[in-house]
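# Summary of structural features
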Amino acid sequence: MAEAKVIQGGPGTRGQRRGMPRPKVENPIGILKRIMGYVFKYYSLHMVVVVICIFLTVFSSVQGTLFTRTLIDSYIQPMVESGSADYGPLLAAIMRVALFYLLGVAATFVQQKVMIYLGQGTLKRLREDMFEHMESLPIRYFDTHAHGDIMSMYTNDIDTLRQMISQSVPQMLSSAITIVSVLASMIVLSIPLTVLTLVMVAVMLFCSAQATRMSGKNFVAQQKNLGDLNGYIEEMMTGQKVVKVFNHEQLAVEKFDKLNEELCQSAFKANAYSGALGPINSQLGNTSYVICAMIGGAIALSGSVGTGFTVGALASFLTFNKSFSMPINQVSMQFNSIIMALAGADRIFRLLDEKPETDEGYVMLVDSEKKDGEIVEADHHTGHWAWKHYHKASDTTTYQPMEGDVTFNGVDFGYTDEKMVLHDIVLHAKPGQKIAFVGSTGAGKTTITNLINRFYDIQDGKIRYDNININKIKKKDLRRSLGIVLQDTHLFTGTVKDNIRYGKLDATDEEIIAAAKLANAHSFIKRLPEGYDTMLTGDGGNLSQGQRQLLAIARAAIADPPVLILDEATSSIDTRTERIVQDGMDKLMSGRTTFVIAHRLSTVRNSDCIIVLEQGRIIEQGTHDELIARKQKYYQLYTGMQSETA
Amino acid sequence: MLKTLMAQIKEFKLPSIITPICMIGEVICEMVIPVLMAGIVDKGIYGGDMGYIFRVGGMMVVIAVFGLFAGLGGAYFGSKASTGFARNLRKAMFDNIQTFSFSNIDKFSTSGLVTRLTTDVTNIQNAYMMILRMAMRAPSSMIVAMIMSFIISPRLASIYFVAVIFLGIIIGFVMNRATKYFKEVFEKYDLLNESVQENVSAIRVVKAYVREDYENDKFRKAATNIYNMFVKAEMNIVYMSPVMTGTVYACILLISWFGAHMIVAGDLSTGNLMSLLTYCMNILMSLMMLAMIFVMITMASASGKRIAEVIEEKADLVNKENPVMSVPDGSISFDHVNFAYNRTSDEPVLKDINLDIKSGETIGIIGGTGSAKSSLVNLISRLYDVTDGSVRVGGVDVRDYDMQILRDQVSVVLQKNVLFSGTILENLRWGDPNATDEECRRACKMACADEFIERMPDGYDTFIEQGGSNVSGGQRQRLCIARALLKKPRILILDDSTSAVDTATDARIRRAFAEEIPGTTKLIIAQRISSVQDCDRIIVMDDGQISGFDTHEQLIKNNVVYREVYESQTGGANADFDKPQ
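Residues numbered from 1 in each chain as written. Chains lettered and ligands numbered in written order. Predicted model: local features only at pLDDT ≥ 70, side-chain atom pairs only at ≥ 80, totals over all residues. Heavy atoms only, no water.

## A look at the overall build of chain B
A tally of helices and strands in chain B yields 20 helices and 12 strands. For chain B, whose C-alpha radius of gyration is 36 Å, the value lies well above the compact-globule estimate of 25 Å for 581 residues. C-alpha extents for chain B along the principal axes are approximately 115 × 60 × 55 Å. When burial is assessed residue by residue, chain B has 58% of its 581 residues classed as buried. A fraction of 77% describes how many contacts in chain B between residues 6 or more apart in sequence connect residues 24 or more apart. Accessible surface computed for chain B: about 23800 Å², of which carbon and sulfur atoms make up 59%. The distance from the centre of the 58 positive side-chain charges to the centre of the 64 negative ones in chain B is 5 Å. (Helix = DSSP H or I, 4+ residues; strand = E, 2+ residues; numbered from the N terminus. Rg over C-alpha atoms; globule rule 2.2 N^0.38 Å. Buried < 20%, exposed > 50% of the residue type's maximum accessible area, 1.4 Å probe, protein only. Contact = heavy atoms within 4.5 Å. Areas by Shrake-Rupley, 256 points an atom, 1.4 Å probe, with all protein chains shown as cover. Lys, Arg positive; Asp, Glu negative; His and termini not counted. Charge placed at Lys NZ, Arg CZ, Asp CG, Glu CD.)

Set out below in structure tokens:
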């Protein structure tokens, strides 16, 4: 893994970690369209229902608002003036409005309910698509993206997106409909007052834009400061014991105070500006209301004959005036959160647009058996595997036994095209041979093994597996034929049994126990509280390093692959456990072609071929005895160590 | 908990008081305006009095301006108070963590502390702002609107009264049910994300075993499960909005109906009817707001509890009164020492340890995992306190020293060592802030770190990334040793600090120690026999006890544990090919 870590630490990746200001959304409309496209793809019917419901809701509320006018103008005023006490027409009118209201309430209910399915359903699909796509991405993607950033898409970005889909979008939609319909009603009532209201709205929008801009700027600063502080805290908490040992508490506090103060300042400004938005808008709304009342009052009083602008109309207009500023206020409040959601969506779509691993291979690995001296495909597990080779030109299929012969021919490789890390690698592993790689950190040992299973593709040269170019083999079959025990053991949440079964999904319990026994894991598993059914959580955090390695060996053993790649652990586990692990590995290696990144003399000495790497080149190659006889680098390494040890 | 948190408001008491006052001011303005509006309609328009309209209208503008300032004041002081409060909380926690002893640190996980310092504080900050701005506003808005309605017409206002009680009950009921469901969902949601995390970090395993489809199936099942749970939880609150609007509508209709009767009877003016309808929204919205505040406080209280835990945690190692301020020499003695990490546990980690180490000796310590090697040395610089017996440095019980003096003189290179983001020089100067470049270079030379530092493009000014991720394990260990050397301690402890350094370099470092700092007592914990066999004496630890304390030659002869380790390693199993020079 050492090489991979180097890339992760390389330039350009760490800088993008949390804490940097959120990137500006380049194409907000495009992203919004894409989100809506996503929603429509699966939930077009739901969406139609939601839109209809929002229409009905707005319609009923506008009807209700209009009712104030009718109530005063058509019912109360005539009754006051005529002195009659016939409440029949009023009752009928109220019943009619009640119906509208009922409709509105029902529509709200339906909308909310449908929205749950739509919102959660979209997120579920998005989550699944993200995960599925992520699984298909090449290893390179994981090298160049901080794991924290990937995770943050599943948590933060998805959450802000959920808010946007289930709250902001319907809110905006209903605001837009309200604005349009209220505007229409206002125009009908009085054009001059409408113009006046619009002027006030323009002022409101201008002020909101300013406040939003300022708070937005400070929110970005706050995010950055929060990220800085977060990073610092993380660093200090991880190194807290070192801080203590070095009496560094005072200095740690001083730097913390500085970062803390910066965060406080930007958070204060961001909140103050965004908090100012509400009062500014609502008081501007009130002012607009007052001005309309004054001017409307003047019009209603002076020209009530000519304009037909009644007191009731004024009352309604004023209600409209209020219901006009409200949606505008809401839209401006939603603005920041929508921008945030779009930025998150942008990151998610970038993940989805990432190119998956390609697989142009066509040679397949199949179970085989011999019939009349010919190798044929078997429909059951035979323990023998063959490469199924389909020849397009002659439309024939040939079978070739799988043996585990691997050759490298002039292979060059670099994580980027600019910088090669492996040069002209030539080697040949015959079936059943054990090949050991030795060399210093960064010499390219792990990299070579990552090429065999095509975690990375080579720039030049050829790698052949049983004389087939590995590019022609289907990736999934190629990887199935290779067992890997990595230096960092990764286990999954689940039982011990589940974790071993990971190597062969249809393994029986007996096979699992047999594999565990082979890997020397059986005895410790038996002593676990629930034996093979013990739950492992948090990457097997409740097991020791050695035990985790034993499980990884058992997992590889049950897969029973013909070719094995082993990365011996260097971590300091105690001698007794180490011997058990070593013994498990030895048993696993017997009879298989094995590539081992070796750290132990015994492993190296027993290898059929030792490959000494330095700075991406093979500098020596041969058996232990041959290399010792040559008295070069390997000899130096070996004797240097012997004199130290003995 | 509340008291602990409140104590951190400190200099932000004034803004914390001003904010609600501002909010009340804003509420009063909002309430007065409809009354004035009613006056305009009634007296101004129907009375045909333009003068009145302008007079009262002017007054309203003045009040709106007043309301604006009250609102802005609320925003300003509210942010000031809440962000300041948050700052103080973070500082209180961080400061207290700095006083923590190792056992305090062990109690909290690193990620737990980070969450407490960030997410939890942000939750409290938001809740505090909400409380300051809304907790006064919402009830006062509701009460004022209610009073106004009662003044206009007690009969009509009683409709609101009934509506408020009705809604209050419904909201309480729904919230109560929903919080339970949501808590459950979010726990499951965390699990889902954990499994994503697992896949991200183990992607090589997934790909190597071609288990993409398997993982996809697993994830799809989990995602579907979450989907169902979310839908179920949200279905609980789906009634809220329709019930709310329905109640508002019902109120409007009832007020209209009865209001119309009263107007016809001459008991109510049309203006007053309009005011009443405005109050309707005010009252019910405030109620909704109150419910939200309630939920927010419930959610924040969990965060508050976690924060209070950190602030209230008492450091369990403190300086004695009138501590000893100098360490006379580097001798170490253990006198019938028992030690357990947890005072109540019956199984001690170290059992009856007796040791005498002379100043300037080089001592090796060897033993299997869990044999308590680290625990043993951690007692010397008083990173933990003994359970029984005493540990003496320079003839003085370590508990009698000033801790800072003691730790300056007993320099430990921890097993889990870290570098901090900053240049190499900055990292080195943790050992001695006043060290000259020359001194730093000398320390690096002793630790065999000079060779690779000088090969780096920026040499000693090379920037170390967080956690030292841009240097290899062996390089990191050597830098940590150099850093510890700069303290010029009387006692130097290396806790398995050369495990990633190749044997030849390891030997060179030990040789340098012998030549350059002969007077310093050196304790070296190692897995490799080769790292300790030249030591003056070697302590063999076995299961919390000293199984042998003698020279290499004697131990080979007399100590079974030692001989076993020795034989297994010289059998050629443990030499290290990884980092040759």
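## Observations regarding the layout of surface pockets
Roughly 960 Å³ of volume is contained in the second largest pocket. As for the second largest pocket, its lining consists of 38 residues, of which Asp 367, His 381, Trp 385, Arg 480 and Ala 559 of chain A are closest to the centre. Elements represented by at least two residues in the lining of the second largest pocket include exactly β1 (364–371), α11 (475–480), β10 (482–485), α13 (509–518) and α15 (545–559) of chain A together with α8 (212–235) of chain B. Here the element with the most residues in the lining of the second largest pocket is β1 of chain A; it accounts for 6 residues. Considering only residue class, the lining of the second largest pocket consists of 19 nonpolar, 6 polar and 13 charged. (1 Å grid on protein atoms, 1.4 Å probe; cavity = no way out; pocket = protein on both sides within 12 Å on 5 of 7 lines; lining within 4 Å. Points joined across faces, edges and corners; volume = space filled by probe spheres on them. Nonpolar A, V, L, I, M, F, W, Y, C, P; charged D, E, K, R; others polar.)

## What about the packing of aromatic side chains?
The geometry of an aromatic ring pair comes down to the distance between the two centres and the angle between the two planes. Under the criterion given, the structure shown has 25 aromatic pairs over all chains. For the pair Phe 102 of chain B and Tyr 384 of chain B, a centre-to-centre distance of 5.7 Å together with 85° between the ring planes defines the contact as edge-to-face. Remark: Tyr 384 of chain B occurs in the loop between α11 (373–378) and β4 (388–393) and Phe 102 of chain B occurs in helix α4 (residues 102–107); sequence separation between them is 282 residues. Residue Tyr 384 of chain B is classed as buried on the basis of its relative accessible area, which comes to 6%. Among the aromatic residues, those joined into a cluster by ring pairs are Phe 492 and Tyr 502 of chain A together with Tyr 209 and Tyr 214 of chain B. Over the aromatic face of Tyr 42 of chain A sits the side chain of Arg 125 of chain A, whose NZ or CZ is 4.3 Å from the ring centroid. Across the ring face of Phe 246 of chain A, the terminal group of Lys 487 of chain B is positioned such that the distance to the ring centre comes to 4.6 Å. (Phe/Tyr/Trp six-rings, centres within 6.5 Å; stacked < 30°, edge-to-face > 60°. Lys NZ or Arg CZ within 6 Å of the ring centre and 35° of its normal.)

## So, the side chain of Ser 175 of chain A
Residue and element names in this part refer to chain A. Along the chain, the position of Ser 175 falls in helix α5 (residues 147–189). For Ser 175, a relative accessible area of 0% puts it in the buried group. Beyond its immediate sequence surroundings of up to four residues, Ser 175 is in contact with Pro 327, Gln 330 and Val 331.

## Points about the pairing of strand β8 (residues 460–465) of chain A
Residue and element names in this part refer to chain A. The pairing of strand β5 (residues 406–413) with β8 spans 5 bridges and is classified as antiparallel. When the sheet's bridge partners are listed, Val 406 is paired in β8 with Tyr 465. Sheet topology note: the β8/strand β9 (residues 468–469) ladder contains 2 bridges and is antiparallel. Among the inter-strand pairings, Tyr 465 is bridged to a residue of β9, identified as Ile 468. (Pairing = 2+ DSSP bridges.)

## Description of the pattern of salt bridges
What the rule picks out here adds up to 46 salt bridges over all chains. With its nearest N and O atoms 3.1 Å apart, the salt bridge here joins Lys 475 of chain A to Glu 357 of chain A. Residue Lys 475 of chain A is found in helix α11, and its partner Glu 357 of chain A is found in the loop between α9 (311–353) and β1; the two are separated by 118 residues along the sequence. One connected set of salt bridges, linked through shared partners, spans Glu 357, Lys 475 and Arg 479 of chain A together with Lys 207 and Glu 212 of chain B. (Salt bridge = Lys/Arg side-chain N within 4 Å of Asp/Glu carboxyl O.)

## Description of the pairing of strand β14 (residues 593–597) of chain A
Residues and elements named next belong to chain A. Among the 5 residues in β14, 5 count as buried, and that is most of the element. Across 4 bridges, strand β7 (residues 434–438) lies against β14 in parallel orientation. The residue bridging Ala 436 from the neighbouring strand is Val 596, located in β14. Bridge count between strand β13 (residues 563–567) and β14: 5 bridges; the pairing is parallel. In the sheet register, Val 563 faces β14, and the bridge partner there is Thr 593.

## Describing the sheet that holds strand β6 (residues 422–429) of chain A
Residue and element names in this part refer to chain A. Pairing is antiparallel in the open sheet, where 4 strands are placed in the order β6-β5-β8-β9. Strand pairing shows two members of the sheet lacking a second neighbour, β6 and β9, which therefore form its edges. Sheet strands in contact with helix α10 (residues 445–452) are β5, β6 and β8, and its direction is about 115° off that of β5. (Axes fitted to C-alpha atoms, helices over the stretch in contact; angles between N-to-C directions.)

## A short note on the interface of chain B and chain A
Each partner contributes residues to the interface: chain B has 149 residues there, and chain A has 152 residues. Between chain B and chain A, a total of about 13800 Å² is buried, with carbon and sulfur atoms accounting for 67% of that surface. Summed over the shared surface of chain B and chain A, the result is 5 salt bridges. A total of 26 residues in the side of chain B that touches chain A trace back to one element, the largest contributor, which is helix α3 (residues 50–99) of chain B. Tallied by class, the residues present in the side of chain B that touches chain A amount to 74 nonpolar, 48 polar and 27 charged. (Buried area = accessible area lost by both parts, 1.4 Å probe.)

## Considering the side chain of Thr 593 of chain A
All names here are of chain A. Position of Thr 593 relative to the elements: it lies in strand β14. According to the relative accessible area criterion, Thr 593 is buried, its value standing at 1%. Looking at Thr 593, its side chain comes within polar contact range of the main-chain nitrogen of Gly 432, at 3.0 Å. The residues contacting Thr 593, other than those within four sequence positions of it, are Glu 403, Gly 404, Ala 429, Lys 430, Pro 431, Gly 432, Gln 433, Pro 562, Val 563 and Leu 564. (Polar contact = N/O pair within 3.5 Å; in protein donor to acceptor, adjacent residues only side chain to side chain.)

## Comments concerning the confidence of the model for chain B
Averaged over all residues, the pLDDT of chain B is 85; the fraction at 70 or higher stands at 96%. Taken over the whole predicted complex, pTM reads 0.75, whereas the ipTM for its chain interfaces reads 0.81. (pLDDT = per-residue confidence, 0-100.)

## Let's talk about the domain arrangement of chain B
What the domain assignment lists for chain B is domain 1 (2–312) and domain 2 (332–569). In this structure, domain 1 of chain B and domain 2 of chain B have C-alpha centres spaced 55 Å apart. (Domains from an automatic or database assignment.)

## Structural notes on unusual backbone geometry
Phi is positive for Asn 247 of chain A, close to 50°, though the residue is something other than glycine. As for its placement among the helices and strands, Asn 247 of chain A is situated in the loop between α7 (240–245) and α8 (249–302).

## Looking at the environment of Tyr 566 of chain B
Following the sequence through the fold, Tyr 566 of chain B ends up in helix α20 (residues 560–573). Those residues in contact with Tyr 566 of chain B that sit more than four places away from it in its chain are Ile 529, Gln 533, His 552 and Ile 556 of chain B.

## Digging into the packing of helix α6 (residues 191–238) of chain A against α3 of chain B
Interhelical geometry of α6 of chain A versus α3 of chain B gives an angle of 20° and a closest axis separation of 12 Å. Our classification of the angle between α6 of chain A and α3 of chain B gives roughly parallel. Between α6 of chain A and α3 of chain B the crossing geometry is left-handed. Residues Leu 229, Tyr 232, Met 236 and Met 237 of chain A of α6 of chain A lie in contact with α3 of chain B, whose contacting residues are Arg 90, Phe 94 and Ile 97 of chain B. (Parallel < 35°, antiparallel > 145°, perpendicular 65-115°, else oblique. Left-handed = near helix turned anticlockwise from the far one by under 90°.)

## Some details on the environment of Glu 510 of chain A
Residues and elements named next belong to chain A. Along the chain, Glu 510 falls in helix α13. With relative accessibility at 60%, the residue Glu 510 sits in the exposed group. Along the chain, Glu 510 and Val 169 lie 341 residues apart, while their C-alpha atoms are 56 Å from each other.

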